[in-house]
Amino acid sequence: MAMSSVNPSLAHQRREARLVLLLLAPALAVVGGLLIVPLGWLAWQSVRQDGGFTLAHYARFLTDDVYWMTFLQTFRMAFIVTAAALLLGYPVAYVAAGASRRWSLFILAMVVLPFWTSVLVRAYAWLILLQRRGLVNTALTELGLVDAPLTLVNNEFGTIVATVHILLPFMVLPLYATMQKIPPELTMAGSSLGGTPLHVFLRVFLPLSMPGVVAGMVLVFVLTLGFYITPELLGGGRTYMVSMLVSRNIEVYNEWGAASSISVVLLACVFFIFRLASFVIPFERIMGAR
Amino acid sequence: MRVTLSIPAIMAALLLSAAAGSAEQITFVSQGGAYQEAQTKAILDPVAKLLGITINQDSSPDAWPVLKTQTATGKPIWDVIDTPTKDCIRGGEQGMIEKLDFSRLPNAAEIPADYKTAYSVPYEFYSSVLAFNKEKYGENGPKSWADFWDVEKFPGTRALRSHPMATLEAALLADGVPADKLYPLDVDRAFKKLEELKPHVTVWWTSGAQSAQLLADGEIDMEMAWNGRVTAVIKEGAPIEYTFNQGFLQETSLCILKGAPNLDTAYKFLNAAISPDIQANFPAYIDYGPGNPAAYKTGKISPERAAQMPSSPENAAKQVLISVAWWSSPAGEEAQKRWASFIQK
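Conventions and cut-offs
- Residues numbered from 1 in each chain as written.
- Chains lettered and ligands numbered in written order.
- Predicted model: local features only at pLDDT ≥ 70, side-chain atom pairs only at ≥ 80, totals over all residues.
- Helix = DSSP H or I, 4+ residues; strand = E, 2+ residues; numbered from the N terminus.
- Rg over C-alpha atoms; globule rule 2.2 N^0.38 Å.
- Buried ≥ 20, exposed ≤ 12 C-beta atoms within 10 Å, placed from the backbone.
- Contact = placed C-beta atoms within 7 Å.
- Pairing = 2+ DSSP bridges.
- Domains from an automatic or database assignment.
- Nonpolar A, V, L, I, M, F, W, Y, C, P; charged D, E, K, R; others polar.
- UniProt positions renumbered as here; feature names shortened; annotations may be inferred.
- Axes fitted to C-alpha atoms, helices over the stretch in contact; angles between N-to-C directions.
- Parallel < 35°, antiparallel > 145°, perpendicular 65-115°, else oblique.
- Left-handed = near helix turned anticlockwise from the far one by under 90°.

With that out of the way, let us pick up the overall build of chain B. Of regular secondary structure, chain B possesses 17 helices and 10 strands. Relative to the compact-globule value of 20 Å for 345 residues, chain B shows a C-alpha radius of gyration of 21 Å, a close match. Across its three principal axes, chain B shows a C-alpha extent of roughly 65 × 50 × 45 Å. Per-residue burial for chain B yields a buried fraction of 47% across its 345 residues. Within chain B, contacts between residues at least 6 apart in sequence are counted, and of these 71% link residues at least 24 apart.

Let's shift gears to the pairing of strand β5 (residues 158-161) of chain B. Residues and elements named next belong to chain B. Residues of β5 alternate between two faces, with R158 and L160 on one and A159 and R161 on the opposite face, all of them buried. Bridging between β5 and strand β6 (residues 201-205) involves four bridges; their strand directions are parallel. Following the sheet pairing, A159 is matched in β6 by V203. Note: β5 against strand β7 (residues 222-226), two bridges, orientation parallel. Its bridge partner lying in β7, R158 is registered against M222.

A separate point is the domain arrangement of chain A. Residues and elements named next belong to chain A. Under the domain assignment used here, chain A contains domain 1 (1-46) and domain 2 (64-288). The C-alpha centroid of domain 2 is placed 37 Å from the C-alpha centroid of domain 1. The interface is formed by four residues belonging to domain 1 together with six residues belonging to domain 2. Partitioning the side of domain 1 that touches domain 2 into residue classes produces two nonpolar, two polar and no charged.

With 19 residues of chain B at the contact, the number on the chain A side is 19 residues. Broken down by secondary-structure element, the contributors of at least two residues to the side of chain B that touches chain A are α3 (63-72), β6 and α17 (330-344) of chain B. Among the elements that take part in the side of chain B that touches chain A, α17 of chain B stands out by supplying six residues, more than any other. Of the residues belonging to the side of chain B that touches chain A, the class tally is seven nonpolar, eight polar and four charged.

This part takes up the UniProt feature "transmembrane region" (unreviewed entry) in chain A. Residues and elements named next belong to chain A. Within the UniProt annotation, "transmembrane region" (unreviewed entry) is assigned to residues 20-44, 77-96, 103-127, 157-179, 200-229 and 256-281. Here residues 20-44 runs as 100% helix and 0% strand, with 32 Å between its end C-alpha atoms. End C-alpha to end C-alpha, residues 256-281 measures 36 Å, and it is 96% helix and 0% strand.

Attention now moves to helix α9 (residues 208-216) of chain B. Note on helix geometry: an α-helix contains 3.6 residues per turn, so any two residues three or four positions apart are oriented the same way. Residue and element names in this part refer to chain B. Of the residues making up α9, those classed as buried are Q210, S211, A212, L214 and L215. Where α9 is buried, its residues meet β4 (121-133), β5, β6, β7, α10 (227-235) and β8 (240-256). Looking at the residues trailing α9, positive phi occurs at G218, about 70°.

All names here are of chain B. The buried fraction of β8 amounts to 14 of the 17 residues, a majority that puts the element mostly inside the structure. Bridge count between strand β3 (residues 80-84) and β8: five bridges; the pairing is antiparallel. By the bridge assignment for β8, I81 is matched with C255. Relative to β8, β4 is paired through 11 bridges, and the arrangement is antiparallel. Counted as the bridge partner of L130 is T243 from β8. One ladder, built from two bridges, connects β8 with strand β10 (residues 320-321); its direction is parallel. By the bridge assignment for β10, F248 is matched with V320.

So, on to the domain arrangement of chain B. All names here are of chain B. The assigned domain composition of chain B is domain 1 (23-125 + 251-321) and domain 2 (127-249 + 324-344). Placing the centre of domain 1 and that of domain 2 at their C-alpha centroids yields a distance of 26 Å. Of the residues lining the interface, 17 residues belong to domain 1; the matching set on domain 2 comes to 16 residues. At the level of elements, α4 (85-93), α15 (313-318) and β10 are the ones that each hand at least two residues to the side of domain 1 that touches domain 2. With four residues, the single largest contributor to the side of domain 1 that touches domain 2 is α4. Class assignment for the residues of the side of domain 1 that touches domain 2 results in eight nonpolar, five polar and four charged.

A word on the packing of helix α8 (residues 187-197) of chain B against α17 of chain B. Residue and element names in this part refer to chain B. The interhelical angle for the contact between α8 and α17, taken along N-to-C directions, is 25°, at an axis separation of 11 Å. It follows from the interaxial angle that α8 and α17 lie roughly parallel. Crossing angle aside, the handedness with which α8 passes α17 is right-handed. Facing V187, F191 and L194 of α8, the residues of α17 in contact are A331, A335, R338 and F342. Among the residues forming the contact of α8 with α17, the class breakdown is six nonpolar, no polar and one charged.

Written as structure tokens, this is what we have:
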């Protein structure tokens, strides 16, 4: 029989490979149909005009200052949001990682809970809190701390506050995951060798938590780059980000090619950032650092 | 569960549409929401009854991109759309909208020539008006765009739409250009005047809902907004007032898709929908005015209601009719592109 000449373990391997492929097929179909095909279509559209090939949509990045200014503002925003999220998120993750199991669960629940509320609802909540006759300004004026209401929203500040709030879990969770794995014996050893708490933190804990810092920063940065709802609702029409440029190009100017080219460039930026980050920390750990 | 439940529903829908296939029908598209509900009662149902046709409805907040994809195939599904006149014109120029044969639309004869184009008939009018907070300004609120620009005499937070249409016109009126000499717009002069006000504009709004919320929450003291949004806020009890003085009259129009599957019925529908008698139903359901001014002569609209309507002859006289022809011209397109860099800088 032909079967007898085949190594039985090899046949088994093949069968297993086929099975794995079969099991993967639905997932591959979903990724192909819903991600690869639309993205390909997007890229195709970005180089088409009136039925021919063109680079005109990309040339706009060099000639139209609105384009690069929007990218500049978006990156500026992403830096500020990432820095703020790190400053706010690090202490939270630190405390959560060091606390007893019950407390750390409680802290994480507090971080994750708002995460399940719609982004739209949270953006409006900030609007209600921060607007001229909102809670914060009413409290400040009635306490006599300010004479006139502060401009807290409908500008970049309000956008940043809401965006940081929405993206904070993406910073805290990777940080917590990394910190939790740092053996407490190491910091104890540092202390027993005579290091002050600050010294031990800076020399032992902080370097060991760096993978989490990088993962959190990359996630928050990349997500901010594509943010739409908070700048649209809280930016007062002046905080103009890339996502809004895309939507205006479709809604107002009906320039699908231009909108596609902006999306492709933004996507390229995101890939580039992930590539850069992967020199520091492998890609799987950014996405999987939970 | 959902699947088993929905199969009979689909079957029923198929049967119904097959039955309707024997009678004349059209597919009509508007912008959805309360607006489409109101016109269903005011216009669509009465017209369907009058003509004995079936009107299938679809809605699309922005019909333009869909229009483009539908006509690209050469076999559109839609027949008639209710959309900003500009889309009818540019659609017509790009071969997506039917050029109208006015001999088949006798009811269009008495509509002023300004309101019609080769591709469209006016359907309903709305207005971009100056609204302000009564608590802030009392009886002496801003009454013109010159007042709106006067930050010394009228301190307070301001909002404008993040769109050049009507905003450039307001800037020119504020700068002293007479209303009948606005077009063609002096775009440079308008942007210069806007730069002047820019530091004092708190919000450039992007959606009608946002403009209403800004007024209702007291975030904004004066604003250019659509009259329907303003009256809705007033009905909720907000201390807001508005004036039609120097308002900007804009219309949405009806137009027919090129290659519409039911062209003859579409013409019949258009003619009936713009008849004075049908048009006079609009004010009973929504704060947007009839596209055919003859509707005010039918006696169906009370004088009190007419006073709240942007297109009543009295109010129309105080306002400026936005020139869609200018905004569809290359200069108009250019002004729209320039807006993005004005906002950004």
